[in-house]
Amino acid sequence: MPRIHFGDWVETAVDWLQSHLTWVFDIVNAVLDGMYSGVDTVLSGGEPLLLAGILAVIAAWLRGLLPGVLAFVGLALIDSLGLWDDAMDTLSLVLVAAVITVVIAIPLGVWAARSRRVSAQLRPVLDVMQTMPAFIYLIPGVMFFGVGTTPGLLATIIFAMPPGVRMTELGIRQVDGELVEAAEAFGTTPRDILLRVQLPLALPTIMAGVNQVIMLALSMVVIGGMAGAGGLGEQVYSAITQLKVGLAAESGVAVVILAMYLDRMTGALGERVSPLGRRAAAKVSALVGRARFAHYRPAGAVAVVGVVVLALVAGGLNLVGSGDAEAGSSTDVGKGKRINIGYIPWDEGTATTYLWKELLEQRGYETDVKQLDPGPLYSGVARGDLDFQTDAWLPTTHKAYWDKYGSRLEDLGSWFGPTSLELTVPSYVKGIDSLADLKGQGKKFGGKIIGIEASAGMMGTLNSKVLKAYGLEREYKVVSSSTSSMLAELDRSIKKREPVVVTLWSPHWAYGKYDLKKLQDPEGAWGKGEQIHTVARKGFSSDDPVAAQWLKDFKLTEQQLTGLENDIRDAGQGHEQDGVRAWLKKDPGLVDRLAPVPGGGAKKQGKDAGKTVNMGYFPWDEAIASTYLWQNILEDRGYKPTLKQLDPGPLYSSLAQGQMDVQLDSWLPTTHKAYWDKYGSRLEDLGSWYGPTSLELTVPSYVKGIDSLADLKGQGKKFGGKIIGIEASAGMMGTLNSKVLKAYGLEREYKVVSSSTSSMLAELDRSIKKREPVVVTLWSPHWAYGKYDLKKLQDPEGAWGKGERIHIVGKKTFSQDFPELSRWLKDFKLTEEQLASLEVAIQKGGAGHEKASARQWLDAQPGLEDKLAPVV
């Protein structure tokens, strides 16, 4: 039979949907996430025991006093296990999924009951929905909606839908046909027959279907946890992947309590809303006799009053508690901003994730941590659902994920390396020191190599390269499991002193706990060691430059990492952050080294603090950027800077007269030669802080074959015969017309369009957005080189002349009046990259926010302020 590539067709369809219907998925995601967030806010917003009391009152109203008490005890147990918030997250997930499912399922069931054709068409669809492994639904769910609640909700809705439809159809079909005929004989309309005859009589069966919908929804909590939906599912998934028996038992108990509560309540609700159910309940009540008190059910009004009173108390306590927030401090960098972190349950990933959770929270951020498998994790970061993850093994282990998502990710650099992948045996296994020694020894190890998650890159390398390199592929079977299962098997084998070979890597805490032997790899099949990188969503560095810079500078030694991992293991399951805190206490200055507060927290005062410094500038981008940068620095050092914008002539004149103290944008020796010749004897040159500058013609990088001014000849039609210039009065325009065009024979082929700097930049932006060829006048430094991917056209003839330098010029007595500031400015330097990024930050901030934008940029450069303005 020919191979049917059904999977390829599905992937093609998914890719098409991702490309063309993103807006639909965004709407669905917003609606579902909004519904979940609303319910979760209500359920998680108050004191746990008061909310447990509300749920207990509902139980007492539906089933009686004793069930209400038992419900309260069960919910209080969940709180005592420390799983209340997770349980409410799960309950919110189940309630939202159940409501959506019921709203869809009951109308479909009614339709199927009234049309055999519809019933016949629905039946195979429902079969597929219910028998398809639920994990399958997560794949398109994560691809279309990212990690979070929406994939879990969709998988739950699809999985729980069939019983709702089938039980509704069954209930209506079971209604006595004679009753329906009698109603029709009396002239009842089909609509009234449905609403007044069929639905009331079918209600017990329909409610049984609703009960099954809720139970199936609750059974999906682990699936939701795998997709980052949170709640008890995440705890169960964490326990499974990390072999935490205690956490598994506690989470399981919480799930059971919720399941029992929801099952009993929906069953009782079915009795309350069904005429037959109310009749049966009345008979039972009449037979109770002396045990009537235990079966007492409060009236609806009493139950409502109880719920309202408890809700008001819970809301009042919540309001009182909200006033206890700590005041901001010098370390409150984040100011409550939320950062979402994802991690694979590998030890170094867990350790560094909870380390950064603690560091960020100490710096004023709010954090949310999600454990995911590598695939959903990379997808979540690429979509922007997660901000960063710290355990990207590159370039090999996670190569497949980087190849797929790398264009939508930011590599913030490596924090540890080189690592190594290896096969490992206990030291008591003699005669096995190399991978080559495994050949012919398969029986000793049961023909098995104990692996980790099948999705891990090292598993692919092991199967495709390592086994083949040593001729082991037919002798050994690689058993895919999980990291925790592999470690459990290693521990069990060592306790029994049995031979075992496992996949492992360095660094890993197992090498500190057990006496192990790394098998040598003389063929180099594992490849070179890797680096562990921090990977963030695209745009993270620009959205939060301070946190991004911390992560870029992050480094841990093997000793530090091993110590951190061991402290987290000692703290025990569910207390990872306590382990981090214990580790940080051993090195009190480490927090400030890993996450330095911009400006050093408490501002250092300069020797001349209190002095007023009058700074002038003209509205050129580099002048605006450098002047507002120094305004922030000087204020941090206790000076009182004042800023005034002037044209070059008045600015140089006021400096010469001593009315202004300093300006930072003198282009010498050419551009400002006339001003220097006139006022130079009454000024002080404090040196250059940038250079050489350059004038140039520039094209976007996508314009191929144009790399030099000489390449423009004969290409006039491509650019519409135009070079987009700036103000006609600018010196570079004269140089372009009188020298540059003539030097390359372009004067008859191109017309230089005089406009303004802003018009030239607008035309450049418009052309780039349309990917049209364009050539413009530009100069370095300029923020456009930081914003766009541009190409400076080479000038082999030197027609533009030599580049200049940007100097700082002060009044004649500046160094005498400001000795400390004079020393700082003489040493001031910025690279082209630094200046471009500063200018881009100011451009993004917009007019009127230059100071704040420069402040944000400075804060994102830890240590720069102390370097530019050191206080001795």
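Residues numbered from 1 in each chain as written. Predicted model: local features only at pLDDT ≥ 70, side-chain atom pairs only at ≥ 80, totals over all residues. Heavy atoms only, no water.

(A) The arrangement of the overall build of the protein chain in detail. Counting its secondary structure elements, the protein chain contains 37 helices and 20 strands. For the protein chain, the residues scored as buried account for 50% of the 872 residues in total. For the protein chain, contacts bridging at least 24 residues in sequence account for 80% of all contacts bridging at least 6. (Helix = DSSP H or I, 4+ residues; strand = E, 2+ residues; numbered from the N terminus. Buried < 20%, exposed > 50% of the residue type's maximum accessible area, 1.4 Å probe, protein only. Contact = heavy atoms within 4.5 Å.)

(B) Expanded view of the packing of aromatic side chains. One pass over the structure, following the stated rule, counts 18 aromatic pairs. With a centroid separation of 5.1 Å and an interplanar angle of 10°, the aromatic rings of Y378 and Y401 are classed as stacked. In this pair, Y378 sits in helix α17 (residues 374–383) while Y401 sits in helix α18 (residues 399–405), placing the two residues 23 residues apart along the sequence. Each member of the pair, Y378 as well as Y401, carries the same accessibility label: buried. Here the aromatic cluster, defined as three or more aromatic residues joined through ring pairs, consists of W356, W415, F416 and F554. (Phe/Tyr/Trp six-rings, centres within 6.5 Å; stacked < 30°, edge-to-face > 60°.)

(C) Representation of the pairing of strand β15 (residues 694–700). Counting buried positions over the 7 residues of β15 gives 5, a clear majority of the element. Note that β15 and strand β18 (residues 776–780) share 5 bridges and pair antiparallel. In the strand pairing of β18, T698 is matched with V776. Bridging between β15 and strand β19 (residues 790–792) involves 3 bridges; their strand directions are antiparallel. By the bridge assignment, P700 is partnered in β19 with L790. (Pairing = 2+ DSSP bridges.)

(D) Just the nonpolar core, in detail. Core analysis: the biggest nonpolar cluster contains 87 residues, and L355, L360, F388, L423, L438 and F540 have the highest contact counts within it. With 6 residues, helix α16 (residues 347–362) is the largest single contributor of residues to this core. Those residues in contact with L355 that sit more than four places away from it in its chain are F554, L556, L564, V580, W583, L584 and L594. Judged by nonpolar contacts, the second largest core, of 74 residues, contains I624, L686, M733 and V775. (Core = buried A, V, L, I, M, F, W, Y, C linked by side-chain atoms within 4.5 Å.)

(E) How the structure looks around the packing of helix α8 (residues 149–173) against helix α10 (residues 190–219). Two numbers describe how α8 lies on α10: the axes approach to 7 Å, and their chain directions differ by 155°. What the angle tells us is that α8 and α10 run roughly antiparallel. When the axes of α8 and α10 are compared, the crossing they make is right-handed. In terms of residue class, the contact of α8 with α10 is made up of 14 nonpolar, 9 polar and no charged. (Axes fitted to C-alpha atoms, helices over the stretch in contact; angles between N-to-C directions. Parallel < 35°, antiparallel > 145°, perpendicular 65-115°, else oblique. Left-handed = near helix turned anticlockwise from the far one by under 90°. Nonpolar A, V, L, I, M, F, W, Y, C, P; charged D, E, K, R; others polar.)

(F) Layout of the confidence of the model for the protein chain. Here the protein chain averages 85 in pLDDT, while 89% of its residues score no lower than 70. Across residues 319–329, confidence stays below pLDDT 50; counting only partners more than four residues off in sequence or on other chains, it has 0 contacts. (pLDDT = per-residue confidence, 0-100.)

(G) Expanded view of the pattern of salt bridges. The full count for this structure, using the stated rule, is 35 salt bridges. For the salt bridge of D127 with R166, the shortest nitrogen-to-oxygen distance reads 2.3 Å. Of this pair, D127 sits in helix α6 (residues 116–131) while R166 is found in helix α8, placing the two residues 39 residues apart along the sequence. Residue classification places D127 among the partly exposed positions, given a relative accessible area of 35%. With relative accessibility at 27%, the residue R166 sits in the partly exposed group. K611 serves as the salt-bridge partner of D608, at 3.9 Å between the closest nitrogen and oxygen. We classify D608 as buried; its relative accessible area is 13%. (Salt bridge = Lys/Arg side-chain N within 4 Å of Asp/Glu carboxyl O.)

(H) Up close: helix α4 (residues 65–80). Between its first and last C-alpha, α4 extends 23 Å over 16 residues, near the 22 Å set by a 1.5 Å rise per residue. Taken together, the buried positions of α4 are occupied by G68, A71, G74, L75 and I78. End-on, the buried residues of α4 take up no more than an arc of 125°, which puts them together on one face. Away from the buried face of α4 by more than 90 degrees, exposed residues L70 and S80 are located. The positive-phi residue at the C-terminal boundary of α4 is G82, with phi of around 75°. (Expected span 1.5 Å × (residues − 1). Arc of directions from axis to C-beta.)

(I) Layout of the packing of helix α5 (residues 84–114) against α10. The interhelical angle for the contact between α5 and α10, taken along N-to-C directions, is 140°, at an axis separation of 9 Å. Taken together, α5 and α10 sit at an angle that is classed as oblique. The way α5 lies across α10 gives a crossing that is right-handed. Listed contacts from α10 to T90, V94, A98, T101, V102, I106, V110 and R114 of α5 are P190, L194, L199, I206, V210, V213, I214, A217 and L218. For the contact of α5 with α10, a count of residues per class yields 14 nonpolar, 2 polar and 1 charged.

(J) Looking closely at the pairing of strand β12 (residues 640–645). Two strands pair when backbone bridges link them, and strand β11 (residues 612–617) and β12 are joined in this way by 6 bridges, in the parallel orientation. Residue pairing for β12: Y617 is matched across the bridge by Q645. Taken together, β11, helix α27 (residues 621–636) and β12 form a β-α-β motif whose crossover is right-handed. (Right-handed = clockwise from strand over helix to strand, strands pointing away.)

(K) Inspection of unusual backbone geometry at higher detail. Cis geometry is adopted by the peptide bond preceding P395, which originates at L394 and carries an omega value of 15°. Of note, P395 is situated in the loop between β3 (388–394) and α18. The step from G691 to P692 runs through a cis peptide bond, and the omega angle for that step is -5°. Mapped onto the elements, P692 comes out in the loop between β14 (683–690) and β15. Of note in this structure, K335 is not a glycine but carries a positive phi near 50°. Relative to the assigned elements, K335 resides in the loop between α15 (300–322) and β1 (338–343). K335 sits in the exposed class, given a relative accessible area of 65%.

(L) Representation of a negative patch on the surface within the structure. On the surface, D176, E178, E181 and E184 cluster together to form a negatively charged patch. In this structure, D176 sits in the loop between α8 and α9 (177–185). (Patch = residues over 30% accessible without salt bridge, like charges linked within 9 Å, V, L, I, M, F, W, Y side chains within 5 Å. Areas by Shrake-Rupley, 256 points an atom, 1.4 Å probe, with all protein chains shown as cover. Lys, Arg positive; Asp, Glu negative; His and termini not counted. Charge placed at Lys NZ, Arg CZ, Asp CG, Glu CD.)

(M) Local environment of a nonpolar patch on the surface. A contiguous nonpolar surface patch, about 390 Å² in accessible area, is contributed by L49, L65, V69, F72 and V73. Looking at the nonpolar patch element by element, the count peaks at 4 residues for α4. Tracing the backbone through its elements, the reader meets L65 in helix α4. Given the relative accessible area of 30%, L65 is considered partly exposed.

(N) Local environment of the side chain of T534. Position of T534 among the secondary structure elements: in strand β10 (residues 531–537). Judged by relative accessible area, T534 falls into the buried class, the value being 0%.

(O) How the structure looks around the side chain of S701. Relative to the helices and strands, S701 resides in the loop between β15 and β16 (722–724). In this structure the side chain of S701 is engaged in a polar contact, spanning 3.0 Å, whose partner is the side chain of D789. Not counting residues up to four positions away in its chain, the partners in contact with S701 are D789, L790 and K791. (Polar contact = N/O pair within 3.5 Å; in protein donor to acceptor, adjacent residues only side chain to side chain.)

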